[in-house]
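A closer look at the structure
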Amino acid sequence: MSSFHKTSLSRSSINGTKLKNNLSYISSGIPSLDFVIGGGLPCSGIFLVEEDILGSYSRVLTKYFLAEGVVCKQDLFIASADEIPEEIVKELPQACTLPSDDKVSNESNGEMKIAWRYEGLGQVESSFGSNTNFGHHFDLSRHIDIDTINKCNITYCYLTQNVNKIESFNNDLYHTLLLKIKKTLLKEEYRNNSKNNKNILRISIQSLGSPIWMSMDCDDESRSTYGQDLIKFLYCLRILLRNTNAVAFITIPSHLFDDDRTMKRLLYSADNAVRIESFAGSSKETNPVYSEYHGLFHITKLSAIYSLMPFVPPSLDLAFKLRRKKFVIEKLHLPPELQESSEREQDDITAVPKTCGGFKKKDIDF
Amino acid sequence: MSSDILSSFQLDKDLDSSKTIVVKEINGCDSSFITSCVLGHCVRNKNAVFVLSTHNSLQHYHNVGLKMNYNLQKSIESGLTYFYDAGEELVNSLLENSCQPAQEFWIKIKELLLEMYNKFNSVNVIFDGVSHLFDLQFNMRQVNEICKELIELIRSFNNSYLIFQCNVASDDDFTYILANLLAHKADILAEVESLSSGLSADVSGHLTIKYLSNKYESDNMYNFEIKSSQYLFKLFDRGVKLLAPGTV
C-alpha cells in the first residue's frame with residue numbers, strides 16, 4: 001500500500017461542501033450567486049450583503065442561505081436584534097427541482113438553422129450557474145415544515161440591550177454576540193483541523209448596523225466614534241472565524257450610515273461583499289431598460305483566500321430577478337426591441353417627406 | 001514569478017543598510033502578494049523573517065507558499081520564520097474585557113525581535129495590516145508610536161528591511177493619514193491600486209513605486225521630484241508579473 005494520502009479528501013466529505021484551493025466552499029443557496037462570487041462562500045470567511053432600501057431582497061437572500069443549510073444538514077446560528085430569530089426560521093423556503101429547459105431547446109435546434117457567420121460563436125450565457133449541481137433551488141411559496149427544522153441544530157440569538165457597562169464596546173450587543181459566537185465555535189466539530197464529525201456552521205446576522213446597533217454611537221456628541229463599534233465587531237469576527245468551518249452571512253443596511261467611510265472600513269475586514277440595489281420605489285422601476293429585472297446586483301469585494309489570484313466574474317453589470325422558484329442573477333441586457341416603430345423618420349422609406357421633391361410608395365420598383 | 005517584485009523593491013541584492021518599505025493599498029486593493037513574494041525569497045535564502053500579521057492568517061500564507069514552491073510551515077518549525085498573529089491576541093484580550101495597552105503590545109514585539117536578531121544577526125519584518133490597529137481602537141498617537149519604534153529598531157540593525165502594508169479606506173480617514181505618515185519615513189513607497197473600472201481578467205491592478213531615499217543621493221541632488229516607476233501587475237497562482245503600461 002502506498003504511503004501517499006491526499007489529505008484533502010477527508011475534508012471534502014462534509015455534506016454540501018466542495019473543495020477549492022485546499023479550502024471548503026459552501027453554497028449560498030442561490031447557484032447564480034455562487035457563480036458570480038467564485039464558486040460559493042469560503043469557509044472561515046465573512047460575506048457581507050449591503051441591503052436594499054426596503055430590505056426585502058436581502059431578507060430573501062438570508063432565507064436562501066439558511067434553507068440551504070437545513071437541506072445539507074448543516075448547523076445554523078441565527079442572530080438578530082430587530083426580528084425574533086425563531087420567526088425567521090418559520091419562513092424558510094422548501095427545496096424544489098426546476099423544470100429543465102433542455103427539451104425545448106433541443107427541439108428548436110432541429111428546426112432552426114443558425115446563419116453560417118454566427119455558427120462559430122459561443123453560446124451567450126447571460127444567466128449564470130444554470131448548469132451546476134452545487135446548491136439547491138427553493139420554492140418561496142412553500143415553507144420547510146417545522147419538524148425538519150426542529151431536527152436541525154440551530155442556535156438562536158435574539159439580542160436585547162443590557163444595562164451592563166462593557167469596557168471594550170460602547171454598545172454591549174456586539175460584545176454579547178461575539179461571546180456567543182465564540183462559545184459556539186469552541187465545539188470540536190467546527191475546527192478546521194478536527195479529524196471526524198466535522199460540520200459546517202452557518203452564521204446569519206440580520207441587519208447588523210440597524211438603528212438598534214448604531215444608536216449609542218449617535219448619542220456621542222463628538223461623533224468621532226461613529227461606527228467604531230461595528231468596525232471593531234467585524235474585525236473581531238474575522239479573527240474568531242479563522243481556521244474554523246464557519247461562514248458568516250451578514251446583511252448591513254449601509255444606506256442608513258452617516259458616512260461612506262464606515263462601509264469602506266468594514267469592507268477591509270470582510271472577505272466577499274455585494275450590494276443590492278432594488279428598483280422598488282426608485283425611478284428605475286418604470287425605466288423600460290430594466291423592465292425584466294427587479295434590481296441591480298453590485299459586487300463590491302472579492303478576496304482571494306488561500307490563493308494569490310482573485311476570481312474575476314465574467315461581467316460586473318449584473319441584475320437580478322426574483323421568481324417564485326428562483327432568484328437569478330444575470331448579465332444586464334437591454335430588452336429586445338420587438339415592436340416596430342417609426343420613431344426615426346429617415347428609416348421609414350414609405351413615409352411621405354414633408355419637403356418637396358420626395359418620392360411616393362408607388363415610385364419604388366422593388 | 002516573484003523576481004519582478006523583488007528586483008523592483010531592490011531586495012534581491014545584499015543590503016548595506018536597513019530599509020523601510022511602505023505599501024499603500026488604495027481602492028480596496030489587496031497587497032498580500034508582495035508579502036508572499038518576499039516570504040518566498042526569505043525562505044529560499046534562509047533569511048530570518050518576522051511576520052506581524054493582523055490581516056491574513058498563517059494558513060493563507062502557507063497555502064499560497066505551497067503554490068509558489070516554498071514551505072512556510074517548515075521554515076517556521078526551523079525557527080527562521082516567526083509568525084506573530086497579533087490580531088488573535090488583541091481580539092482575545094478584548095473579549096476578556098481587558099484592553100491590551102499599546103506599550104505592552106510593543107514591548108512584546110520588541111522582545112521577540114531582539115531574540116531573533118541575537119540568534120540570526122539580522123531579521124526582516126513584515127507588518128501586514130497596520131490599519132487594523134485602528135479597528136481595535138488604538139488611536140493615531142499609539143499606532144504612530146509603535147511604527148516609529150519599529151522603524152528605529154530595524155534601522156539600528158543596519159542590515160534588515162521592514163515592510164508595512166497599510167490599507168487606505170478613504171481620503172478622509174485615519175488610515176489615509178497613517179499611510180502618509182509612514183510614507184514620510186519610508187525609503188521605498190509602493191502604491192497598489194485596483195483598477196478604477198472594476199475587475200479585469202487581463203490585469204489585476206496598478207503598482208507605482210517611488211524610491212524616496214534616492215533623493216538624497218548625489219546624482220539626484222538637483223532633481224526636485226524623483227521619477228516613479230509605474231507598472232501594471234497581473235496575479236497568477238504561482239506569482240505575479242509586472243507589465244509596463246500598455247503592454248499586456
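Everything in this summary refers to the structure shown in the same document. (Residues numbered from 1 in each chain as written. Chains lettered and ligands numbered in written order. Predicted model: local features only at pLDDT ≥ 70, side-chain atom pairs only at ≥ 80, totals over all residues. Heavy atoms only, no water.)

A separate point is the interface of chain B and chain A. Opposite the 44 residues of chain B that make contact, chain A presents 38 residues. Taken over both partners, the interface formed by chain B and chain A buries close to 3,700 Å², and the fraction arising from carbon and sulfur atoms is 58%. Looking only at chain B, the three residues that lose the most surface to chain A are Leu95, Asp135 and Leu199 of chain B, adding up to 19% of its buried area. At the boundary of chain B and chain A, one finds four salt bridges. For Arg261 of chain A, the salt bridge identified is with Asp173 of chain B, shortest N-O distance 4.0 Å. The tally of links between chain B and chain A comes to 16 residue pairs in polar contact (both at pLDDT 80 or more). Secondary structure elements with two or more residues in the side of chain B that touches chain A: helix 2 (32–45), helix 3 (58–67), helix 5 (86–95), helix 7 (132–135) and strand 8 (229–236) of chain B. Among the elements that line the side of chain B that touches chain A, the one with the most residues is helix 5 of chain B, at six residues. In terms of residue class, the side of chain B that touches chain A is built from 14 nonpolar, 22 polar and eight charged. (Contact = heavy atoms within 4.5 Å. Buried area = accessible area lost by both parts, 1.4 Å probe. Salt bridge = Lys/Arg side-chain N within 4 Å of Asp/Glu carboxyl O. Polar contact = N/O pair within 3.5 Å; in protein donor to acceptor, adjacent residues only side chain to side chain. Helix = DSSP H or I, 4+ residues; strand = E, 2+ residues; numbered from the N terminus. Nonpolar A, V, L, I, M, F, W, Y, C, P; charged D, E, K, R; others polar.)

With that settled, the discussion passes to the sheet that holds strand 1 (residues 19–26) of chain B. All names here are of chain B. If you walk across this open sheet you meet the nine strands as 3-2-4-5-1-6-7-8-9, and the pairing is mixed. In this open sheet, the two strands that pair with only one neighbour each are strand 3 (81–85) and strand 9 (239–243). Here the average twist between neighbouring strands, direction ignored, is 20°. As paired elements, strand 2 (residues 49–53) and strand 4 (residues 124–128) share five bridges and run parallel to each other. Counted as the bridge partner of Phe50 is Val125 from strand 4. The strands touched by helix 8 (residues 140–157) are strand 1, strand 4 and strand 5 (161–167); relative to strand 5, the strand with the most contacts, the crossing angle is about 155°. (Pairing = 2+ DSSP bridges. Axes fitted to C-alpha atoms, helices over the stretch in contact; angles between N-to-C directions.)

Attention now moves to the pattern of salt bridges. Following the criterion strictly, the structure yields 17 salt bridges over all chains and no others. When the shortest N-O distance is used, the salt bridge between Arg324 of chain A and Asp139 of chain A registers 3.3 Å. Of this pair, Arg324 of chain A sits in the loop between strand 13 (318–323) and strand 14 (326–331) while Asp139 of chain A sits in strand 7 (residues 137–143), placing them 185 residues apart in sequence. Judged by relative accessible area, Arg324 of chain A falls into the partly exposed class, the value being 48%. Relative accessible area serves as the criterion here: at 2%, Asp139 of chain A is assigned to the buried category. Taken together, the shared-partner salt bridges connect Asp259, Arg261 and Arg265 of chain A together with Asp135 and Asp173 of chain B into one network. (Buried < 20%, exposed > 50% of the residue type's maximum accessible area, 1.4 Å probe, protein only.)

It is worth spelling out the sheet that holds strand 5 (residues 75–80) of chain A at this point. All names here are of chain A. A sheet is described by the order of its strands in space; here nine strands give the open sequence 8-5-9-10-4-11-12-13-14, paired in mixed fashion. What marks the edges here is a single partner per strand, and that holds for strand 8 (154–158) and strand 14. Strand-to-strand twist of the sheet, defined as the mean angle between neighbouring strand axes without regard to direction, takes the value 20°. The sheet contact formed by strand 11 (residues 272–278) and strand 12 (residues 295–302) spans seven bridges and is antiparallel. Within the sheet, the bridge partner assigned to Glu277 lies in strand 12 and is Leu296. Those strands touched by helix 3 (residues 56–71) are strand 4 (46–50), strand 5, strand 9 (201–206), strand 10 (246–252), strand 11, strand 13 and strand 14, and its axis lies near 160° from that of strand 9.

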